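Results of the structural survey
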Amino acid sequence: AIPVRSSRLPLLSDAMPAPAHLFPLIRNCEISRICSTVCYCHHKHLCCLSSHFAHRHFRYAPQKKFAALYRPKENFNHFIHARDYASTPQRFYLTPPQVNSILKANEYSFKVPEFDGKNVSSVLGFDSNQLPANAPIEDRRSAATCLQTRGMLLGVFDGHAGCACAQAVSERLFYYIAVSLLPHETLLEIENAVESGRALLPILQWHKHPNDYFSKEASKLYFNSLRTYWQELIDLNSGETTDVKEALINAFKRLDNDISLEAQVGDPNSFLNYLVLRVAFSGATACVAHVDGVDLHVANTGDSRAMLGVQEEDGSWSAVNLSYDHNAQNEREVERVKMEHPKSEEKSLVKQDRLLGLLMPFRAFGDVKFKWSIELQKRVVESGPDQLNDNEYTKFIPPNYHTPPYLTAEPEVIHHKLRPQDKFLVLATDGLWETMHRQDVARIVGEDLTGGYHQQPIAVGGYKVTLGQMHGLLTERRARISSVFEDQNAATHLIRHAVGNNEFGTVDHERLSKMLSLPEELARMYRDDITIIVVQFNSHVIGACQNEEL
């Protein structure tokens, strides 16, 4: 029998060293450390189809005997206030420089030239950052300038059941979008260059952090699939100007189709063969923005979000949603799923707020277990490498699986005309939105970017606060406002608040230190990976463009 931690026991505090044998039981996404029969490969660095059954998107137990191990994230306050059992408590907090080192390890900033040789840009620049909770991190991010057309592309990608799908989508999706936007003449020029062996026209200029890598081993495979796509676009030439919304939808759907097809066909190279299968059997959501002048398009598949920060006339900040979550909380999305399947399946489609009782997002790349027929799944798994055939997850068939596909990667696209009061755009995976309300995000980013603070009454949220405590809060706020922020990156500043905010809405260094000190075995229980891109707009350029249109 496997020992299981009681739900009534307090979490291990920093005053009591955790017994090493408990860690594999505590961490939801390391089931393979307990029983090797669940997953063939459990090496963290492989990003493989590992034991992420208990990830927020896959909290199901393939066998009843594992069910007791599946526990949701718990309130961090429980960790903060856990009893100290040691007779002489020893507290170890990270110093501010150590905290900053962790928070800033993955930050990246890019400033856009006001004039790039073609047109004046409505984007001043962007800041991005990531804070992992999973090991390895399952989130990805991408940003690029379109060189053969106009505009910038920015996106965040949230992987589940491993990072393989999110990695592939972050590398490939922007190329599919850029190709979809190219005029027929440019597509012909690119194809002729490939045929004759000449150098290709560069399509994208990437803006990447050194940690944001490309898979060199799969580059030829990815290029061949992309070339097949643009050859089909050439053959289907209608002579009409490409609509951005249509291009985004086509690119999302085509990439997901290619991911599926590559896994079915396989590859003679054993490494690539396993790679394409890992990509297809894992999954990823995507939230992508295309900015061209005053035209902002957001294409969303899944539960990452896009939010517009708007500065009101009185200097305060408000938030405008530019995406909708594709999950059980979205009634329109639930109805869409029900409309696509027979009425006899109505009760089994959505259970416990999950698709077929298993998957939290209702739209995603990959996840072929929710798209392929049972026969196709069995054929691919049985003919695949041993690592795949020995994996319990890949052989598991979802319950009530009668009329696939149940899942789609087709995005919902929202178009917004930028106004001078639209100051910034936040793209973030759900790790941020699980911890912060969009209005707080708008205020924190707005104040950080402008250096202006709109004073609001301190909210105590029903807590009993003494006069001395209130005086301390007011003193802390005054010191925070009068000092220069240590974060030069807006995404880093937002992560600092998301992880370190206390019940009064201010950053608590002790709390932040504890959250960042959590071992891998505990971190995923309290938060998800967080990936953020903050795009700052050029109000003067947007205002001038508006006047020209008038």
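Residues numbered from 1 in each chain as written. Predicted model: local features only at pLDDT ≥ 70, side-chain atom pairs only at ≥ 80, totals over all residues. Heavy atoms only, no water.

Applied cut-off: UniProt positions are given in the numbering used here, feature names are shortened, and annotations may be inferred rather than shown by experiment.
In the annotation of an unreviewed UniProt entry, the chain is listed under the name [Pyruvate dehydrogenase [acetyl-transferring]]-phosphatase 1, mitochondrial and assigned to Pelecanus crispus. A UniProt comment under Subunit (unreviewed entry) is attached to the chain, and it reads "Heterodimer of a catalytic (PDP1) and a regulatory (PDPR) subunit." UniProt, in the comment section headed Sequence similarities (unreviewed entry), describes the chain in these words: "Belongs to the PP2C family."

**As for the overall build of the chain**
Formally: The numbering of helices and of strands both runs from the N terminus, where a helix is a DSSP run of H or I of at least 4 residues and a strand a run of E of at least 2. For every residue, the accessible area obtained with a 1.4 Å probe (protein chains only) is divided by the maximum for its type, and the residue is called buried under 20%, exposed over 50%, and partly exposed between those limits. For the area figures, the Shrake-Rupley method with a 1.4 Å probe applies, and any residue is considered shielded solely by the protein chains shown.
Along its length, the chain carries 20 helices and 15 strands. Here the chain, with 550 residues, has 54% of them falling under the buried criterion. When the accessible surface of the chain is split by element, carbon and sulfur atoms take 52% of a total near 24600 Å².

**Topic: the side chain of Arg511**
The condition that has to hold: This count recognises Lys and Arg as positive and Asp and Glu as negative, with His and chain-terminal groups excluded. Any carboxyl oxygen of Asp or Glu within 4 Å of a side-chain nitrogen of Lys or Arg constitutes a salt bridge here. Polar contact is defined as a pair of N or O atoms within 3.5 Å, subject to the rule that within protein one atom must be able to donate a hydrogen and the other to accept it, and that residues adjacent in sequence are counted only when both atoms are side-chain atoms.
Note on placement: Arg511 falls in helix α18 (residues 509–517). Of the side chains bearing the opposite charge, Glu503 lies closest to the buried Arg511, which forms no salt bridge; the N-O distance is 5.4 Å. At a separation of 2.9 Å, a polar atom in the side chain of Arg511 contacts the main-chain carbonyl oxygen of Asn501.

**As for the layout of surface pockets**
Where we set the bar: Residues are called lining when one of their atoms sits within 4 Å of a cavity or pocket point, these points coming from a 1 Å grid over the protein atoms alone, where a cavity is a set in which a 1.4 Å probe fits but cannot get out and a pocket is an open set with protein on both sides within 12 Å along at least five of seven lines. Grid points are joined across faces, edges and corners, and a volume is the space filled by probe spheres set on the points.
One number sums up the size of the second largest pocket: a volume of about 670 Å³. Taken together, 28 residues form the lining of the second largest pocket, with Ser180, Leu182, Glu240, Thr241 and Thr242 sitting closest to its centre. Looking at the lining of the second largest pocket, the elements with two or more residues in it are α4 (164–181), α5 (184–196), α6 (219–235), α7 (244–265), β6 (283–292) and β7 (295–301). Here the lining of the second largest pocket takes four residues from α7, the largest share from any one element.

**Concerning unusual backbone geometry**
Trans peptide bonds make up most of the peptide bonds, and negative phi angles are found at most residues other than glycine. Pro136 follows Ala135 through a cis peptide bond whose omega is 5°. Mapped onto the secondary structure, Pro136 falls in the loop between β2 (123–131) and β3 (139–146). Of note, the bond from Pro404 into Pro405 is cis; its omega dihedral lies within 30 degrees of zero at 5°. With respect to the helices and strands, the residue Pro405 is situated in the loop between α13 (392–395) and β13 (412–417). The residue Gln352 is not glycine, and still its phi comes out positive at about 50°. Structurally, Gln352 can be placed in the loop between β10 (350–351) and β11 (354–355). Residue Gln352 is classed as exposed on the basis of its relative accessible area, which comes to 68%. The backbone phi angle of Asn400 is positive, close to 55°, even though this residue is not glycine. With respect to the helices, strands and loops of the structure, Asn400 is situated in the loop between α13 and β13. The exposure class assigned to Asn400 is partly exposed, which follows from its relative accessible area of 32%.

**A word on helix α3 (residues 96–103)**
For clarity, the threshold we go by: This arc is built from the directions going out from the helix axis to the C-beta atoms. The contact criterion used throughout is that any non-hydrogen atoms of two residues lie within 4.5 Å.
Among the residues of α3, those classed as buried are Val99, Asn100 and Leu103. Considered in projection along α3, the buried side chains sweep an arc of 100° and stay on one side of the axis. Where α3 is buried, its residues touch β2, α17 (490–500) and α18.

**Focus on the pairing of β3**
Convention followed: DSSP bridges decide pairing: two strands pair if at least two such bridges lie between them.
Taking burial as the measure, the eight residues of β3 include eight buried ones, the bulk of the element. Side-chain alternation along β3 places Asp139, Arg141, Ala143 and Thr145 on one buried face and Arg140, Ser142, Ala144 and Cys146 on a second face that is also buried. Strand direction decides the pairing type here: β3 and strand β4 (residues 152–160), joined by seven bridges, are antiparallel. Bridge pairing in β4 places Thr145 opposite Met152. Turn length for the β3-β4 hairpin, with the two strands adjacent in sequence and antiparallel, is five residues, and the turn residue Gly151 shows positive phi of about 100°. Note that β3 and strand β5 (residues 204–206) share three bridges and pair antiparallel.

**Side note on α7**
Heads up, the condition is: Multiplying 1.5 Å by the residue count of a helix minus one yields the expected span of that helix.
Given a rise of 1.5 Å per residue, 22 residues ought to cover 32 Å, and the 31 Å separating the end C-alpha atoms of α7 matches this to within 8%. The N-capping residue of α7, defined by a side-chain oxygen 3.2 Å from the backbone nitrogen of Lys245, is Asp243. Gly266, located one to two residues past α7, shows a positive phi value of around 80°.

**Observations concerning the pattern of salt bridges**
Applying the stated criterion to the full structure yields 21 salt bridges. Close ionic contact of Asp325 with Arg305 constitutes a salt bridge, the shortest N to O distance being 2.8 Å. You can see Asp325 sitting in the loop between β9 (317–321) and α9 (331–339) and its partner Arg305 sitting in strand β8 (residues 305–311), a full 20 residues away along the chain. Looking at Arg305, the relative accessible area reads 30%, which means it is partly exposed. The salt bridge partner of Arg332 is Glu412, with a shortest N-O separation of 3.4 Å. Of this pair, Arg332 sits in helix α9 while Glu412 sits in strand β13; the two residues are 80 residues apart in sequence, bridging distant segments of the chain.

**Some thoughts on the sheet that holds strand β15 (residues 530–537)**
Rules: Lines fitted to C-alpha atoms define the axes here, with helix axes fitted over just the stretch in contact, and angles between the N-to-C directions of these axes take values from 0 to 180 degrees.
Pairing within the open sheet is antiparallel, and its six strands lie in the order β1-β2-β15-β14-β8-β9. Since the sheet does not close on itself, it has two edges, and those belong to β1 (108–111) and β9, each with one partner. Averaged over all pairs of adjacent strands, the angle between strand axes in this sheet comes to 20°, irrespective of strand direction. Taken together, the eight bridges between β2 and β15 define a ladder with antiparallel strand orientation. Among the inter-strand pairings, Ser128 is bridged to a residue of β15, identified as Ile533. Sitting on the sheet, α17 is in contact with β2, β14 (422–428) and β15, with an inclination near 40° to β2.

**Examining the packing of α4 against α6**
Let me state the cut-off plainly: Reported orientations rely on four angle classes, namely roughly parallel under 35 degrees, roughly antiparallel over 145, roughly perpendicular from 65 to 115, and oblique for the rest. In this scheme, a crossing is called left-handed if the near helix is turned counterclockwise away from the far one by less than a right angle; it is called right-handed if the turn is clockwise. Amino acid classes used here: Ala, Val, Leu, Ile, Met, Phe, Trp, Tyr, Cys and Pro are nonpolar; Asp, Glu, Lys and Arg are charged; the rest, including Gly, are polar.
Two elements in contact, α4 and α6, have axes separated by 10 Å at closest approach and are oriented at 20°. Taken as axis vectors, α4 and α6 run roughly parallel relative to one another. In the crossing of α4 with α6, the sense of the turn from one axis to the other is right-handed. Residues Ala168, Glu171, Arg172, Tyr175, Tyr176, Val179 and Ser180 of α4 form the contact with α6, whose participating residues are Tyr222, Ser225, Leu226, Tyr229, Trp230 and Leu233. Considered class by class, the residues forming the contact of α4 with α6 number nine nonpolar, two polar and two charged.

**Notes on the packing of aromatic side chains**
Aromatic ring pairs: the centre-centre distance and the angle between the two ring planes describe each pair. Threshold: Centre distance within 6.5 Å is the pairing criterion for rings of Phe, Tyr and Trp, where only the six-membered ring of Trp is used; planes under 30 degrees apart are then read as stacked, over 60 as edge-to-face, and the remainder as tilted. Charge-over-ring placement is defined geometrically: NZ (Lys) or CZ (Arg) within 6 Å of the ring centre, and within 35 degrees of the ring normal.
Tallied over the entire structure, the rule returns twelve aromatic pairs. With a centroid separation of 5.7 Å and 5° between ring planes, the pair formed by Phe174 and Trp206 is classed as stacked. Of this pair, Phe174 sits in helix α4 while Trp206 sits in strand β5, and the two are 32 residues apart along the sequence. On the basis of relative accessibility, which here comes to 0%, the residue Phe174 falls in the buried class. On the numbers, 5.5 Å between centres and 40° between planes, the contact of Phe252 with Phe365 is tilted. Of this pair, Phe252 sits in helix α7 while Phe365 sits in strand β12 (residues 365–366), and the two are 113 residues apart along the sequence. Among the residues examined, Phe252 registers a relative accessible area of 0% and is labelled buried. Since its relative accessible area comes to 0%, Phe365 is described here as buried. An aromatic cluster is present here, built from Phe157, Phe174, Tyr175, Trp206 and Phe214 joined pairwise through their rings. When the ring centre of Tyr274 is taken as reference, the NZ or CZ atom of Arg278 above it lies at 5.6 Å.

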